[in-house]
Each structure stands twice: as C-alpha cells, then as structure tokens.
2 protein chains.
Amino acid sequence: MLRIAKLTDYAALLMVRLAREPARCFSAAQLADELGLPSPTVAKLMKRLLRAGLLTSVRGAGGGYCLALAPHAISVADVVEAIEGRVALTECAVGKGVCALEPDCATGANWQRISRAVRAALDTVRLDDMARTPWQPVRMQGLKEKLS
Amino acid sequence: MLRIAKLTDYAALLMVRLAREPARCFSAAQLADELGLPSPTVAKLMKRLLRAGLLTSVRGAGGGYCLALAPHAISVADVVEAIEGRVALTECAVGKGVCALEPDCATGANWQRISRAVRAALDTVRLDDMARTPWQPVRMQGLKEKLS
DNA sequence: CACTAATAGGACTGTATCGGTGCTAATTGG
DNA sequence: CCAATTAGCACCGATACAGTCCTATTAGTG
Ligand code: FES
Ligand code: FES
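All figures in this text were calculated on a predicted structure; none of them were measured in a lab.

Scoring rules and cut-offs
Residues numbered from 1 in each chain as written. Chains lettered and ligands numbered in written order. Predicted model: local features only at pLDDT ≥ 70, side-chain atom pairs only at ≥ 80, totals over all residues. Heavy atoms only, no water. Near = heavy atom within 4 Å. Polar contact = N/O pair within 3.5 Å; in protein donor to acceptor, adjacent residues only side chain to side chain. Helix = DSSP H or I, 4+ residues; strand = E, 2+ residues; numbered from the N terminus. Nonpolar A, V, L, I, M, F, W, Y, C, P; charged D, E, K, R; others polar. Pairing = 2+ DSSP bridges. Core = buried A, V, L, I, M, F, W, Y, C linked by side-chain atoms within 4.5 Å. Buried < 20%, exposed > 50% of the residue type's maximum accessible area, 1.4 Å probe, protein only. Contact = heavy atoms within 4.5 Å. Salt bridge = Lys/Arg side-chain N within 4 Å of Asp/Glu carboxyl O. Axes fitted to C-alpha atoms, helices over the stretch in contact; angles between N-to-C directions. Parallel < 35°, antiparallel > 145°, perpendicular 65-115°, else oblique. Left-handed = near helix turned anticlockwise from the far one by under 90°.

As for the protein's contact with DNA strand C
Part 1 of the reasoning: Taken together, 22 residues sit near DNA strand C, with K6(A), R59(A), K47(B), S57(B) and Y65(B) positioned nearest.
Part 2 of the reasoning: Of all atoms in DNA strand C that approach within 4 Å of the protein, 70% are sugar or phosphate atoms.
Part 3 of the reasoning: At 2.9 Å, a side-chain N or O of K44(A) approaches a base nitrogen of DNA strand C.
Part 4 of the reasoning: Secondary-structure elements contributing two or more residues to the surface near DNA strand C are α1 (6-20) and α3 (39-51) of chain A together with α3 (39-51), β1 (55-58) and β2 (64-67) of chain B.
Part 5 of the reasoning: Residues belonging to the surface near DNA strand C are distributed by class as follows: 10 nonpolar, six polar and six charged.

Considering the protein's contact with DNA strand D
Part 1 of the reasoning: Neighbouring DNA strand D are 24 residues, the closest being S57(A), Y65(A), K6(B), K44(B) and R59(B).
Part 2 of the reasoning: Restricting the count to atoms of DNA strand D within 4 Å of the protein gives a sugar and phosphate share of 67%.
Part 3 of the reasoning: At 3.5 Å, a side-chain N or O of R59(B) approaches a sugar or linking oxygen of DNA strand D.
Part 4 of the reasoning: Those elements that provide at least two residues to the surface near DNA strand D are α3, β1 (55-58) and β2 (64-67) of chain A together with α1 (6-20) and α3 of chain B.

Observations regarding the pairing of β1(B)
Residues and elements named next belong to chain B.
Part 1 of the reasoning: In terms of strand pairing, β1 meets β2 through four bridges, oriented antiparallel. If you follow V58 over to β2, its bridge partner there is G64.
Part 2 of the reasoning: The antiparallel pairing of β1 with β2 creates a hairpin that spans five residues between the two strands, and G60 there sits at a positive phi of about 80 degrees.

Some thoughts on the nonpolar core
Part 1 of the reasoning: Formed by 85 residues in total, the largest nonpolar core has its most connected members in L49(A), V118(A), L122(A), L49(B), V118(B) and L122(B).
Part 2 of the reasoning: It is α1(A) that provides the largest number of residues to this core, a total of nine residues.
Part 3 of the reasoning: In this structure, V118(B) is in contact with L2(A), V118(A), A121(A), L122(A), V87(B) and L89(B), ignoring residues within four places of it in sequence.

Some remarks on the pattern of salt bridges
Part 1 of the reasoning: Tallied over the entire structure, the rule returns 14 salt bridges over all chains.
Part 2 of the reasoning: R132(A) is the salt-bridge partner of D129(A), the closest N and O atoms lying 2.9 Å from each other.
Part 3 of the reasoning: Accessibility expressed as a relative area gives 48% for R132(A), which makes it partly exposed.
Part 4 of the reasoning: Ionic pairing is found between D78(B) and R119(B), a salt bridge with its closest N-O pair at 3.8 Å. Taken together, the residues span a long stretch of sequence, with D78(B) in helix α4 (residues 76-84) and R119(B) in helix α6 (residues 107-123) at a distance of 41 residues.
Part 5 of the reasoning: Among the residues examined, D78(B) registers a relative accessible area of 23% and is labelled partly exposed.
Part 6 of the reasoning: Within the structure, one salt-bridge network assembled from shared partners comprises R17(A), E21(A), R24(A) and E34(A).

Focus on the packing of helix α6 (residues 107-123) of chain A against α6(B)
Part 1 of the reasoning: Where α6(A) meets α6(B), the axes come as close as 9 Å, and the angle between the chain directions of the two elements is 155 degrees. Classified by the angle their axes make, α6(A) and α6(B) are roughly antiparallel. Considering the relative orientation of α6(A) and α6(B), their crossing is right-handed. Residues I114(A), A117(A), V118(A), A121(A) and L122(A) of α6(A) form the contact with α6(B), whose own contacting residues are I114(B), A117(B), V118(B), A121(B) and L122(B).
Part 2 of the reasoning: Its residues assigned to classes, the contact of α6(A) with α6(B) shows 10 nonpolar, no polar and no charged.

Dropping the structure here:
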C-alpha cells in the first residue's frame, strides 16, 4: 500500500512532541508515558533517531533526549530515513543490477528519478509544520476521544 | 526503506513493455518469457492490472492483454495503486482512529497531505516517459548485459 | 463437436521483514 | 555506592509478501 512502517509513524509522533518544546529534554520513559506508546519501543526508536543525528542525548540520572536541530530544520524525510533507511522505491534504485531483466531496460533510472521526487515531497513538511496544528478535528472520532 | 513491493516493480516492467507497442496484444506467457519473469506471477499481475481498468483482455485461444488507455494517459501512480491499493503512508490516513494516541494529535491530517504529495510525485511519470529511453547506460553492468 | 489455448478467480504455503521484548553494558548524578 | 538513564545487541512471534497451484470459463481450430 506504499505505506511507511508503523515505527516510523511513532517516530514522527515522538519528534513532533519534542518539537513542541525544543529546548526541553525528555527521557524515553517520559515520552512513552505521555504518548501512550510501549516504552521499550520508544527507547529503540530514540536510539535510531540519535544515530541519525536528529537528537542529542545526555546519559545517566536526569538524562534524556532533545532535538539536535531546530524544528524547522528537520523534515519528515529525515525522520523516515532515520528509521527506514534511504528512500529507494525499488531494488535496482539501491543495489546494482539485482533486477537484471531486460538488457535494454532503463526503468532503473526512472525509478531513481521517482524516488527523488518522493523524497522531495517528504522533505517539504518540517517538524514545525507538524507541530503547528492549523487543523480543526471535525471528525466524530476526534470528538469522542476528547470526551473520554 | 519506503519501497514499493517487488510485484509492483514487475508490473511496471510489464506495462512499459506494453507501452512500447500499444496496439499489440500480448499473452501472459509471452510477456513472462520475453521479460524473464515467472509466468504464474505475471498472470497474477495482469489480472490485477485488468481489474484496475488499466488493461483490456481477450479470452480464449489467441487472446491476450493490451493497454486500455494510451501510454501517456497511464501514470506510475496508477500502476502502483493497481497493485498495492491506495497510497496512504500511515494507518490513520486510511482507517479511522487506529492510532488513537494523543487527543490533540493532528498529525493525521499532515500525513494525508504528505500522502497526496507522494501520489502527485508518482503521477508525474507516465508510461511513455518510462518507455522512452533518454538515458545512456553508462554503468558497467549495463554494458555487460549487452554483451551477453 | 471435441480439443487446445488462453484468461478469471481463488486458495494455499513458505519466507522474509517488521514490531515488539528483554538483557547486559556504560554513564552520570546524588 | 546506588539509582536512573542511555547504548547496544540478540531474540522471537506475528504479519504481510512472493510465489505456486488448482479449478472454472471463454474462444478459436480441426
Ligand atoms: S527494473 Fe530495475 S533496472 Fe530494469
Ligand atoms: S498519529 Fe495518526 S492521527 Fe495521530
């Protein structure tokens, strides 16, 4: 269905939460509790985001994570790539000649072009866009959640 | 890695092959043989593409498939959606409140926006773009294939 | 009217990836 | 020294995917 991994969705939630208070540091447990996510999973995600350079960390008691860059400087593409690796729609776009099908098959180049276009689309949305909420929850479901 | 399914890649190959001779009809076996793909898989894909309205079929001996529209009227997005279903990066973009996390979480709307952007990116490339090969295979691998 | 070639549609299965969990270091503050 | 917290890896179960096969149905051919 051309969907991102669920973990990526979680990661986006985490990053958006951090983007709401960029200066503050959060522990993994704290974030898990606040967002209602399983804390081991959150811990794992934070590690990946850290490795990608999107976060800085402080170890030891009272430690935690905070954004390495300003919210407007981090895009959804960055988060996706931090969790899932480079955006490459097809095998042939990443490896070399795995598809090795038709000798005069040049779709590989086209897929690379398409991958770049998708990457660009993901790059247009930044964390501050996600954090800002210029959107009214008109859906029933949203209201129901508010009531509970 | 935000990749399309391998079957989608195959489907694209098939469609591009058809686009090279839009008037001609091909049998599934013929296409499989020509492209070096497993024929049951090709048969399955053709069925899905047919259902999506991208192909027309003729049954019986001497039958086969051919494009339902002109090559320039079919985009990569069409092919992707024929095989994988609607482009929806996240659960919440397709279902209703599966993620049900933060009450004031509005990232769902953002994901829908992003999904549309990705869809648009895939829509920019049409079959005739893919069929046309304005691209020189400078890669070693390409040359090697040509030699064999 | 058989027989063959081909699509139509579905069921089934092995496998790879993903989501999730747990454990063991290393580090920091009290 | 102890508690809190990150760092890194290893493992395991579920889910979705790739691939195969089987049974209709339809159309041409001798
Ligand atoms: S399909 Fe990947 S290069 Fe041909
Ligand atoms: S993450 Fe889907 S609506 Fe909040």
